[in-house]
Amino acid sequence: FLCQYFLLYEQKEEYNFSPDEIEQNIHKLSQLGITEFSIHDEEIAKNKQKLIKLMKLFAAKGPDVYVSFFVDANVIDKELIQAASQVFCSLDIPLKASQKGDKVLFDKKFYAKKAALLNNSALVFGFVLDYAILPNDTLKLFLERLDFAIEQYPNHILHLPLYN
């Protein structure tokens, strides 16, 4: 469970918390001068009920803290959007391609529907793009995903660097 927080004056520190620790200490974040907090955990990103629980906790106990939630697109629906609309937050959504045989596939309709839900609700969201994770991914396919992402009007686009 990776959580980050950013202190005032551009000092950046990273800490690891268990889910229980963060739930128990949300109310202390503002007191510590923490203005931004990121929850980028793949397990939580895929668990709609856990995300909603955290969003409700931040709304109630940390309303002044800006929270960045890593969220799997599969869990985005009206219920999650309602919870997110009560929090000072942004949703970071990975744009994932899949592979079938030698082909790299990307479901534009699926992501366009999710982006439309978010845009219609005026939520802050962005996409997280990767490149060359799949064996047959190419620069051309990455640029097509990037163009598509831009057309969905996200607030930001993040690119995950490759590490060798």
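Colleague: I keep staring at unusual backbone geometry and nothing clicks. Help me out?
Modeller: Most peptide bonds take the trans configuration, and most residues that are not glycine carry a negative phi. Positive phi, close to 60 degrees, is recorded for A122, a residue that is not glycine. Structurally, A122 is set in the loop between α5 (108–120) and β8 (125–129). Judged by its relative accessible area of 67%, A122 falls in the exposed class.

Colleague: I'm lost on helix α6 (residues 139–151) in this one. Help?
Modeller: It helps to recall that an α-helix has 3.6 residues per turn; residues three or four apart then point in one direction. Between its first and last C-alpha atoms α6 spans 18 Å; for 13 residues at 1.5 Å apiece the expected length is 18 Å, and the two agree. When we look at burial in α6, the residues that qualify are F142, R145, F148 and A149. On an axial view of α6, the arc spanned by its buried residues comes to 120 degrees, and they lie on one face. Turned more than 90 degrees from where α6 packs its buried face, K140 and E151 sit exposed. Looking at the buried side of α6, the elements it contacts are β5 (89–95), β7 (103–105), α5, β8 and β9 (156–159). Directly beyond the C-terminal end of α6, a positive phi value near 60 degrees is found at Y153.

Colleague: I would appreciate a short explanation of the confidence of the model for the protein chain in the present structure.
Modeller: Should the pLDDT be low somewhere, the predicted coordinates at that spot are not to be read in detail. When pLDDT is averaged across the protein chain, the result is 87; 87% of the residues are at 70 or more. Predicted confidence in the protein chain is weakest over strand β1 (residues 2–7), with a mean pLDDT of 42, and strongest over helix α4 (residues 78–84), with 98. A low-confidence stretch, residues 1–10 (pLDDT under 50), is modelled with 45 contacts involving residues beyond four sequence positions or located in other chains.

Colleague: Help me understand empty space enclosed by the protein in this model?
Modeller: Over the atoms, a rolled probe matching the size of one water molecule traces out where space is still vacant. Overall, the coordinates contain one cavity of 30 Å³ or more when judged by the stated rule. Its volume calculated, the largest cavity comes out at about 30 Å³. Every residue lining the largest cavity is listed: E42, A45, K46, F70, D72, P94 and K96. Its residues placed into classes, the lining of the largest cavity shows three nonpolar, no polar and four charged.

Colleague: Any chance you could explain the pattern of salt bridges here in plain terms?
Modeller: Summed over the entire model, instances satisfying the criterion amount to seven salt bridges. Here E23 makes a salt bridge to K50, at a shortest N to O gap of 2.4 Å. Of this pair, E23 sits in helix α1 (residues 19–25) while K50 sits in helix α3 (residues 48–61); the two residues are 27 residues apart in sequence, bridging distant segments of the chain. Here K48 makes a salt bridge to E79, at a shortest N to O gap of 2.8 Å.

Reading the values: rules and limits
Position numbers for residues count from 1 along each chain, tracking the sequence in the order it is written. Confidence filtering applies because this is a predicted model: local features only for residues at pLDDT of at least 70, side-chain atom pairs given and counted only at 80 or more, and all residues used for totals across whole chains, interfaces and linings. Values shown for side chains rest on all heavy atoms present in the structure; no hydrogens or waters enter the calculation. Working definition: helices are DSSP H or I runs of at least four residues, strands are E runs of at least two. Numbering for both runs from the N terminus. Working definition: with a 1.4 Å probe on protein chains only, accessible area under 20% of the residue-type maximum means buried, over 50% means exposed, and in between means partly exposed. Working rule for helices: expected span equals 1.5 Å times residues minus one. The directions considered for the arc run from the helix axis to the C-beta atoms. We call two residues contacting when some pair of their heavy atoms lies within 4.5 Å. pLDDT: the predictor's confidence for each residue, scored from 0 to 100. Every definition here rests on a 1 Å grid over the protein atoms only: cavities are sets of points where a 1.4 Å probe fits but cannot get out, pockets are open sets enclosed by protein on both sides within 12 Å along at least five of seven lines, and lining residues have some atom within 4 Å of a point. Grid points are joined across faces, edges and corners, and a volume is the space filled by probe spheres set on the points. Each residue is assigned to one of three groups, with Ala, Val, Leu, Ile, Met, Phe, Trp, Tyr, Cys and Pro labelled nonpolar, Asp, Glu, Lys and Arg labelled charged, and all others, Gly among them, labelled polar. One side-chain nitrogen of Lys or Arg within 4 Å of one carboxyl oxygen of Asp or Glu is enough to make a salt bridge.

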